[in-house]
Structures are given as C-alpha cells and as structure tokens.
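Here are the chains, one letter per residue:
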Amino acid sequence: MRYSRTSKALGVAAVLALTLTACGGSDGGGNAGGDTSKVITADNTEPQNGLLPANTNEVGGGKVMDLVFSGLVSYDVNGKIVNEIADSIDTKDSQNYTIKLKSGMKFSDGSPVTAKNFVDAWNFGAAAKNAQLNSYFFESIKGYDKVNAEKSTEDKMEGLKVVDDTTFTVELAQPESDFPLRLGYTAFYPLPESAYDDIDAFGQNPVGTGPYKLAEGGWKHDVSIELVPNENYEGPRKAKNGGVTFTIFSNPDAAYTSVQSDTLDILQQVPPSGLQNYESDFKGRFVNQPYAGNATMTIPSYLPEFEGEAGSMRRQAISMAIDRQQIIDKIFYGTKKPAVEFTSPVIDGYKADLPGNEVLKFDAAKAKDLWEKADAIKPWPAGKVFTITSNIDGPGNKEYITAMANQISTNLGIKAQLNPVSSFKEMRELVNKKSLTGASRAGWQADYPSLYNFLGPLYGTGAGSNDGNYSNPKFDEKLKEGLAQTSVEAGNKIFNEAQEILLKDLPVVPLWYQAAQGVWSNNVNNVEFGWNGVPLYYNVTAK
Amino acid sequence: MLMFTLRRFLQLIPVFFGATLLVYFLVFATPGDPIAALSGGKPMAPAVEEALRAQYNLDQPFWIQYGLYLKNLVTLNLGQTFSGQEVAAVIGRAYPVTARLAIMALAFEAIFGVLFGVIAGLRKGKLFDGTVLVGSLIVIAVPTFVLGFVLQLVVGVQLGWARPTVSGTAPWDELVLPALVLGLVSLAYVIRLTRASISENMSADYVRTATAKGLSRRRVVMVHILRNSLIPVVTFLGADLGALMGGAIVTEGIFNVPGVGNLLYQAILKGESATVVAVVGILVIVFVVANLVVDLLYALLDPRIRYV
C-alpha cells in the first residue's frame, strides 16, 4: 500500500480502515471488471465563481473544489473526519490548536504543502479587501474582526502563526469545540504560493492537493469540467477511475434523460418530475438516502402577531397543523422523512426523542385549541392572511407550500396562502431587509457535519443566517457552553439542550429532512453518496 | 439602394441606444437584490457585501450605473458577470451555438415549408393539401415543450438514434434533433403562408397571361407564381431568424444546449444587467439587419419594388 510509507500514526489506522472497507465494498460490485482508466461523467451546474477555496459557497463549485483540493481533514461516507493533510490537530482548551501536517504532501504541480500555505490561504480568505464569499468562516479566529472590518487593508490574522514548515498554531477568539470538524470545508483548503500572482487566473485553473486535478484547459465554461487523477495525491480518497468529467446542465430534466440513455453516468439528484418513477426507471441503480440538510419555515420574530406568549402558541399551532407525512407522501412520493428536531439524522449527536418535540407532530385538534387560546390573549387581526413567501422559479417549491398553506387554512380556520416571488434574489432581499409580512421558506445545507452548524449560524443572536431575528439569551448561553466543551460528544449533549429551547420558541418550523435521490447509468459501479448528498466520485468505477 | 441601406444602418443607432436603456432599466427595476442571492442564503460578511456592491456599481443610482455601462461599452468592454467572467467571452461562447441551431432550424423550415406549401397550394383540396393542413394545425396546437420531450424520449432514449442531450460544445450533428423541434412550429406557419399565397396568386392576371402565351407549367410556377408568393414568407422567415437568434429557452433547456436562451434566462433571474443588455443589444442588431435583408429581398423577388 502506498499510503503506509507516507502516513504516520493516527493517519495509518484511519486510512487503512477506509481503504479496506472501500475494497470490500467494490468486491461485491465486481471489482475485477472495474476499468480504472475510464472516465466517468456526472452532472453539475456551472460554478458561480472562480474555483477559490474561500469564494466557493455553492454546490456547483463545491463539488469540483472537493475533488481538486483537500483540507487538513476530509469527511468519510458517514461524515466522520479523517486526516488528509493533517498529521495531528491538538488542543487542550478548544481555543488554542496546534496543527501538524504530514510531511511529503504535494500540490498537483509538485510543490510541497507547507504550514504557510494554510496560513496564507486563510488570511487571504478572511481579508475584507479580497471580498471572498466564505470569509465569515474565519470569524472565530483571533484577529478576524480587524482584517474583515469595512475598508480594512490588513490581511494577517494574529491568531495564526507558522511554527515551522509542517506546523502552525491557531488561536480562536473563544473556545470552539467543533473547530476541527470545520477544517474539511472548502473555505479551509490551502493555496500554493503561486496562486497569489494572479488569483483570478488561478481560479480558472486551480492547482490543488486533492485526488483529481483539472485537465489542460479542463474548465469549458457552461459546458463541462474535466478532471483527471492527480498522481501526487496521497490520501484516503485516491481516484479509482480514469477521471471525472462534469457536464453542465441548466435543466435537471435533461440530465435525467441523459442517464436514462447511458450518455451520462451519475445524476446527483432526480428532479421533481422524476420522483414518481425513478425507482422503476433505474432498477438497482438508484439511492434514496438522507443527507445533512433540512427544510423549514421561518416565522420572523419581528411580526407583531407572533410576539410574546400568544405568538409562541401560534407558532406551535401552525407547526401542529401541518401534516408533514401527508405532504411527503403526496408531493414528494415518500422520499423524505418528517423532521423531529432542528438538525439532521446523518449528523453525529442527532436525537430523535428530544423532550418537547411533540410540537412537530401533526395534531389538528390541539393546534386549533392552541390557536384559540392565543386568540383569547391577543386576537388574530380580522381578515389577516398568513402568507408563506417563496421563490417559484425552480420546480418543487410551489406545490408543497400551497399544500402546507391549505392544511393550515383547514386546520386553524384562518386564511393561509403562498406568497410567490419570481426569483431567488427577490426572496433574499425580502428576507435580508427583514421586510417579510409573514412566514418564508427556509432550510439549511450543512457546510460541515456538526450539530452546531445547524444551530449557531441560524438561531444565535445576530448570526449571519438568522433570518427571523430570533434572539434568546438562554439559547445563546447554551451554544457558548457547548462550544467551550473539550470533546465533540460533550458539546453535542449541550447543543441538544439548546435545541429543547428552540422547540419551545420555534423560531422556525422544522418540516422534513432532505434526502438525496441519485441515479446512475449501466456503465458504472460502486456509486455511493456521502453525508452531504454528493456522490463519492473518486470511488466510482467504470464497467 | 445604397442610400437606402445606409439610412437603415443609421436608424440602428437610436434603436440600439433606446433598447439598451430600456432593457437596462427593466433589469434594474426587477425586484430583488443580486448580491443577497450570491450568498445563497448563507451568511455574508458586511465588508464583503460592501465590496461586491461597489465592484458592480450596484451602490450607485440608476443613471450613474447606466452611464458607467455606456462608458465601458464605448471602449468595447461589455462588463463582467457576477461570477467574474467577461460578458464578451460568455456571449462569444453561447452565440455560435445558438447561431448553428438557428441556421439549421431556419433552413429546415424554409426548405420544407416552401416545398410542402407549394405542393399543397397547387393541389388545393386534394389529399396532400388536406394532410398538410391538418398536420400543420396539430403542430401549431401542441406546445413546443411537449414536442421536445416526446421526440427526446422516443428518438433519444427509446430508439437510441440520437443523443437525447447535446454533448460538449454542441456539434452540428447533435443539434439536428433540437433544430427539428425548434423549426417545427415555424414550419407549419411557413407551409400555411406559402400555400395561401400560392393559391391566391394562381388566379392573378399575370399568371393567366403567362399561361396564355404558352409558357410551360414549370416556368409559370417557378418564376411567376412562386417568386411573387414568397414575399410574405420571406418577411416571416426574417422575423423568425431574429426570434431564433434570441435563443429558445424551452428547447435549449430540454436538450441542454449551452446557448443564448438559457444564458439570458439565468442572467435575468440573477439580475445581471451587463449580460442581459449585451445579449439584447446583439439581438437588436440581428433584428435590424435581418429586416434590412428582407426588405432588399423584396426588390429581388418582385420587380415592381424599387428602393431609391
């Protein structure tokens, strides 16, 4: 095994375990027939931005980044972290981390991966002057507030220090126990020295540390992205095929038809129009598995009707008036699972039996009762319509929200309806400017597999994605307490206590957990989907 | 004729500026915040948001935004997309694809449309005429996306005669199917226009004269009837070329053709003024030129028409 020569101590066990399971898995699928030189094709959307770690915040670019780059750690199929470039990540207090890199790691152009590559890349990502979309990911590092201040020209965070070629230290502004979990996210990937000469050109033709590299002129905009195996890659995600070519699809229905005719190998997500038939169209060639994402409905706290005790009751009434299972069965053909808390079942620490989660179960009688009690305290304005705002430019949103509004109307005796807006940008403006007059469609895709990622950025006071302006000091306190723990397990226990507070306040109404319905062609084997619903492309073998 | 052409080109200038101003304003006036959409619902640091707004002049009032756009335009700089690519490059990739598709669709509808139209017109009331009339009616009645999906499923998936979606940069042969779908509806119109025009001209005085002086039937049809009957058809085809060059959002979507239609649609959704205005600007030029060609063709087809 080539791994054992370069990887040490901690790495070896994890890497070996993973390699063994991977081999075991492929034996069943006919590994002997697998052709490791054949290129596999998969669907993708055009990356929104140049392929830079700190500027890639959407799936189209993210899928490519995760193959072309690797971080200190990566996530295995279950979302557990596995060391990639890191040899060890040590901390005693969850605030000061010492990170050691494996020696001999290389970028795809052959240059060595050093501690400085990480520190420089993170500083670049955090600095306001570079306007990187993911800059907020560095906010826990000491000194972030200085480099990310408006008009700031500084680009060195004081919390990052290079010790030697393979060691650096990170000081956070406060203890954060899930910091190591984040390090596999795109924003934390290293950049080679040469990137900064012309960062825009680099984004078009990145040089990374991942299992693949861009083919010569591989990114044909709006058409395809060709990746070939990176022979310098040493790690748990070694390519088992001759390359991955992403075909850009603007319409998922077209991608579905392509897989049907075996002109495309892997489709990550079956479009709504195919949900009814994909299992029979692709017998034995599909998955339906939950991933780290959920769908919710935000009821902003700035709405006067939803303030105070009456407001709490109304939130609960609305939540209990929604028959989640019925919508899942009728509209999503049973492809999702009703939510019983605020995170996702694929995340470590998930608990299906949190006290107080009965507010997420359908109970029309109790819902009506609560609504009337709320009316007795503070009457619902006569003629007021409960609206749920959503963009309807993509398929799928309109149908379920209309169904949900109908259920709320019927079960609570008020008028509820979808408030359609034409585009995502219009919806985001309403949400960001806090000018909604009712509820809005929401949801979360985890950036990294952690309970905190589903809670902190969404419900912490003043947090970046706290669309409903929710604020509860007790909840904030719990988050802080959870982060200060020295182990992920201890942290998760406290985060679940924080969730109990959310179940009382219901800043959003959790609806269901997202699941990936993926299909593949007759030409490939060993297609597995990861914790985030993205196929593990490097494991796929051609027949 | 030269003066006429020149005059028409001069007219292009106010039309171009009027259209770009209007389109720029329309995109500006669509509700929504493009920068907010860039973050995709995830948080965005205020300093980053500020910097992005400044980069795309979105922090400026409308007239300054448009002025800055025009200033760039004069130096042949079409601006950048929100993904930081040059609009000129983006359009440069999409237009050849759409042009190929449009030319094939246009050739298809012109050749078969006129051919079927002439035969139907000459044999008015016969079986062929009836079949063509009913057939074209059905094609007109069925929406394009239904035609597209059905052909894609039958020809592409079930029979496997063609790729159901185009690959890479959309080579000519893979565009046959989408071009067929795209041209089918217009084909029906061309057939009907030609047929009506032919059957009307058959009873015209000059046709009777030509027949009376002993010209062969072939010559009467080809030179006397057909040429005069083509004027409405050419007008239709000219306008259709403009429409085709604007991209066909539905057809391009079904067959995953990386053309202008889809580019325009995405740009409108994102509120990307630079791209929308550039595409529309080119379209304006295409329309004006196509119409000019049509007008010049009139003189060629009908000797009674003269331009001075």
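All values reported here derive from a predicted model rather than from experimental measurement.

Trainee: Sorry if this is basic, but what is going on with the packing of helix H8 (residues 252-260) of chain A against helix H7 (residues 144-158) of chain B here?
Mentor: Working note: a packed helix pair is described by the angle between its axes plus the distance between those axes. It is at 10 Å that the axes of H8(A) and H7(B) come closest, and there the two elements cross at 20°. By the criterion of interaxial angle, the relationship of H8(A) to H7(B) is roughly parallel. Helix-helix and strand crossings are classified by hand; for H8(A) and H7(B) the assignment is right-handed. Counted together, A:Asp253, A:Thr257 and A:Gln260 of H8(A) and B:Phe149, B:Gln152, B:Leu153 and B:Val157 of H7(B) form the full contact between these two elements. Looking at the contact of H8(A) with H7(B) residue by residue, the class counts come to three nonpolar, three polar and one charged.

Trainee: Would you take a moment to explain the interface of chain A and chain B for this structure?
Mentor: In many reports, interface size means the accessible area that the parts give up when they come together. Each side of the interface is counted separately: chain A has 45 residues, and chain B has 46 residues. Close ionic contact of A:Asp447 with B:Lys42 constitutes a salt bridge, the shortest N to O distance being 3.0 Å. Linking chain A with chain B are 13 residue pairs in polar contact (both at pLDDT 80 or more), by the criterion used here. Considering each element in turn, the side of chain A that touches chain B owes the most residues, six residues, to helix H14 (residues 424-432) of chain A. A breakdown of the residues in the side of chain A that touches chain B according to their chemical character gives 13 nonpolar, 22 polar and ten charged.

Trainee: Just checking my understanding: could you explain a nonpolar patch on the surface for this structure?
Mentor: Residue and element names in this part refer to chain B. Residues Phe145, Val146, Phe149, Val150, Leu153, Val154, Leu159, Trp161, Ile249, Val250 and Tyr265 make up a contiguous nonpolar surface patch of about 960 Å² in total accessible area. Where the nonpolar patch is concerned, the elements lending two or more residues are H7 and helix H11 (249-255). Considering the arrangement of structural elements, one finds Ile249 in helix H11.

Trainee: I keep staring at the nonpolar core and nothing clicks. Help me out?
Mentor: Within soluble globular proteins, side chains that are nonpolar tend to cluster in buried spots. Ranked by internal contacts, the top residues of the largest apolar core, which has 110 residues, are A:Leu72, A:Trp122, A:Phe138, A:Phe168 and A:Val170. At seven residues, the largest contribution of residues to this core is made by helix H4 (residues 115-126) of chain A. Core analysis: the second largest hydrophobic core is formed by 73 residues, B:Leu73, B:Ala94, B:Val118 and B:Val221 among them.

Trainee: Honestly, the pairing of strand E8 (residues 212-220) of chain A in this entry has me stumped. Any pointers?
Mentor: Put simply, side chains in a regular strand alternate between the two faces of the sheet. Residue and element names in this part refer to chain A. Inspection of the sheet shows E8 paired to strand E9 (residues 224-229) by five bridges, in the antiparallel sense. Within E9, the position partnered with Tyr212 by the bridge is Pro229. Linking E8 back to E9 in an antiparallel pair, the connection comprises three residues, with Asp222 at a positive phi of about 65°.

Trainee: Looking at this structure, I do not really get H8(A). What am I missing?
Mentor: Since the α-helix packs 3.6 residues into each turn, any two residues three or four apart lie on the same face. Buried residues of H8(A): A:Ala254, A:Ala255, A:Tyr256, A:Thr257, A:Ser258 and A:Val259, and no others. Looking at the packing, one finds that the buried side of H8(A) touches strand E1 (40-44), strand E11 (266-267), helix H9 (278-281) and strand E17 (508-520) of chain A together with H7 and H11 of chain B. N-cap assignment for H8(A): the residue whose side-chain oxygen lies 2.9 Å from the backbone N of A:Asp253 is A:Asn251. Following H8(A) by one or two positions, A:Asp262 has its phi on the positive side, about 60°.

Trainee: Is there a simple way to think about the packing of aromatic side chains in this case?
Mentor: Inspection of every chain in the model, using the stated rule, returns 41 aromatic pairs over all chains. Between A:Tyr136 and A:Phe137, the aromatic rings sit 4.8 Å apart at their centres with planes inclined by 40°, giving tilted as the arrangement. For the pair formed by A:Tyr136 and A:Phe137, the shared burial category is buried. Every member of this aromatic cluster is reached through a ring pair, and the members are A:Tyr97, A:Phe118, A:Trp122, A:Tyr136, A:Phe137, A:Phe138, A:Phe168, A:Phe179, A:Tyr185 and A:Phe188. The cationic tip of A:Arg314 hangs over the ring face of A:Trp371; the distance from NZ or CZ to the ring centre is 5.2 Å. Over the aromatic face of A:Trp444 sits the side chain of B:Lys42, whose NZ or CZ is 3.6 Å from the ring centroid.

Trainee: It is not clear to me how the sheet that holds strand E5 (residues 96-101) of chain A should be interpreted in this structure. Could you clarify?
Mentor: Pairing between the strands of a sheet is mediated by backbone hydrogen bonds and can be parallel or antiparallel. All names here are of chain A. Read from one edge of the open sheet, four strands run E4-E5-E7-E6, paired in antiparallel fashion. On the outer flanks of this sheet lie strand E4 (86-91) and strand E6 (160-164), each paired with one strand and no other. Between one strand axis and the next, the sheet turns by 20° as a mean value, whatever way the strands run. Bridge count for E6 against strand E7 (residues 167-171) is four bridges, and the pairing is antiparallel. The residue of E7 that forms the bridge with Val162 is Phe168.

Trainee: I would appreciate a short explanation of the confidence of the model for chain A in the present structure.
Mentor: For residues with low pLDDT, the predicted coordinates do not support detailed interpretation. Put simply, chain A has an average pLDDT of 90, and 94% of its residues get 70 or more. Taken together, the stretch residues 1-33 of chain A has pLDDT below 50 and engages in 29 contacts with residues farther than four places along the chain or on a different chain.

Trainee: In this structure, what is going on with the environment of B:Val280? I would like to understand it.
Mentor: Residues and elements named next belong to chain B. Its place among the elements puts Val280 in helix H13 (residues 273-301). We classify Val280 as buried; its relative accessible area is 19%. In sequence terms Val280 and Tyr24 are 256 residues apart; their C-alpha atoms lie 9.8 Å from each other.

Trainee: Explain the pairing of E5(A) to me, please; I cannot follow it from the model alone.
Mentor: Residues and elements named next belong to chain A. The alternating pattern of E5 places Tyr97, Ile99 and Leu101 on a buried face and Asn96, Thr98 and Lys100 on a face that is not buried. Pairing analysis gives five bridges linking E4 to E5, with the strands arranged antiparallel. The residue bridging Asp90 from the neighbouring strand is Thr98, located in E5. Between E4 and E5, which pair antiparallel in sequence order, lie four residues; one of them, Ser94, sits at a positive phi of approximately 60°. Sheet topology note: the E5/E7 ladder contains five bridges and is antiparallel. Looking at the pairing, Ile99 lines up with Phe168 of E7.

Cut-offs and rules
Residues numbered from 1 in each chain as written. Chains lettered and ligands numbered in written order. Predicted model: local features only at pLDDT ≥ 70, side-chain atom pairs only at ≥ 80, totals over all residues. Heavy atoms only, no water. Axes fitted to C-alpha atoms, helices over the stretch in contact; angles between N-to-C directions. Helix = DSSP H or I, 4+ residues; strand = E, 2+ residues; numbered from the N terminus. Parallel < 35°, antiparallel > 145°, perpendicular 65-115°, else oblique. Left-handed = near helix turned anticlockwise from the far one by under 90°. Contact = heavy atoms within 4.5 Å. Nonpolar A, V, L, I, M, F, W, Y, C, P; charged D, E, K, R; others polar. Salt bridge = Lys/Arg side-chain N within 4 Å of Asp/Glu carboxyl O. Polar contact = N/O pair within 3.5 Å; in protein donor to acceptor, adjacent residues only side chain to side chain. Patch = residues over 30% accessible without salt bridge, like charges linked within 9 Å, V, L, I, M, F, W, Y side chains within 5 Å. Areas by Shrake-Rupley, 256 points an atom, 1.4 Å probe, with all protein chains shown as cover. Core = buried A, V, L, I, M, F, W, Y, C linked by side-chain atoms within 4.5 Å. Buried < 20%, exposed > 50% of the residue type's maximum accessible area, 1.4 Å probe, protein only. Pairing = 2+ DSSP bridges. Phe/Tyr/Trp six-rings, centres within 6.5 Å; stacked < 30°, edge-to-face > 60°. Lys NZ or Arg CZ within 6 Å of the ring centre and 35° of its normal. pLDDT = per-residue confidence, 0-100.

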